[in-house]
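One letter stands for each residue in the lines below.
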Amino acid sequence: MTVRKLAAAALLALAAGCSSNPGPAAPGPPALVLDEHADGTTVRVAPGTVIRVELHSTYWSPAAGDSPRTLRPTATATTPAPSCRPGGGCGQVTAGFLAASPGTARLSAHRTTCGEALACPPGQRAFTVTVTVG
């Protein structure tokens, strides 16, 4: 390789290193996903943690917190499954929270129906998780 080709290759490598493309985005805050399996548990998170409650039936109410200073609500959504028969409750109810300040909060959701014309047994009517931020 000639000196001219080496110099050209070095300039190309240098120019590539000075690209305006910042590369991959920095990771967002840590996230914790809670679903029906977390019912009745207590979780510990650091301030700044994003918490998503995903309940797998559209019969659930969106989860709500009892301390918005500790867990700040961010968004809720109900997403029915596209192939669900009417009244089937197929889909997901999602609620988001940000662990905003140290403290303890309870997240809870409720439902009375577990299917079309099907009442939920007592053990499947409520969802509660205690979250300790600190």
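The structure this text deals with has already been given above.
Just so it is clear, the model here is predicted, and its values are computed rather than measured.

1. A look at the nonpolar core
As a rule of thumb, nonpolar side chains are buried together in soluble globular proteins. By size, the foremost hydrophobic cluster in this structure holds 21 residues, and its most contacted members are Leu34, Ile51, Val53, Leu71, Phe97, Leu107 and Val131. Counting only elements with at least two residues in this core, the list comes to strand E2 (42–45), strand E3 (50–55), strand E6 (91–99), strand E7 (103–110) and strand E10 (126–133).

2. Quick word on the environment of valine 50
On the secondary structure map, valine 50 appears in strand E3. For valine 50, a relative accessible area of 28% translates into the label partly exposed. With 24 residues separating them along the chain, valine 50 and threonine 74 place their C-alpha atoms 9.1 Å apart.

3. What about the pattern of salt bridges?
Oppositely charged side chains are able to pair whenever their charged atoms sit close together. Applying the stated criterion across every chain, the model contains one salt bridge. Between arginine 52 and glutamate 54 there is a salt bridge; the shortest N-O distance is 2.8 Å. Given the relative accessible area of 34%, arginine 52 is considered partly exposed.

4. What about the sheet that holds E10?
With mixed pairing, the four strands of this open sheet are ordered in space as E2-E10-E7-E4. With one partner strand each, in any of the chains shown, E2 and strand E4 (64–65) form the two edges of the open sheet. For E2 and E10, the ladder comprises four bridges, and the chain directions are parallel. Following the sheet pairing, threonine 42 is matched in E10 by threonine 130.

Conventions used here
Residues numbered from 1 in each chain as written. Predicted model: local features only at pLDDT ≥ 70, side-chain atom pairs only at ≥ 80, totals over all residues. Heavy atoms only, no water. Core = buried A, V, L, I, M, F, W, Y, C linked by side-chain atoms within 4.5 Å. Buried < 20%, exposed > 50% of the residue type's maximum accessible area, 1.4 Å probe, protein only. Helix = DSSP H or I, 4+ residues; strand = E, 2+ residues; numbered from the N terminus. Salt bridge = Lys/Arg side-chain N within 4 Å of Asp/Glu carboxyl O. Pairing = 2+ DSSP bridges.

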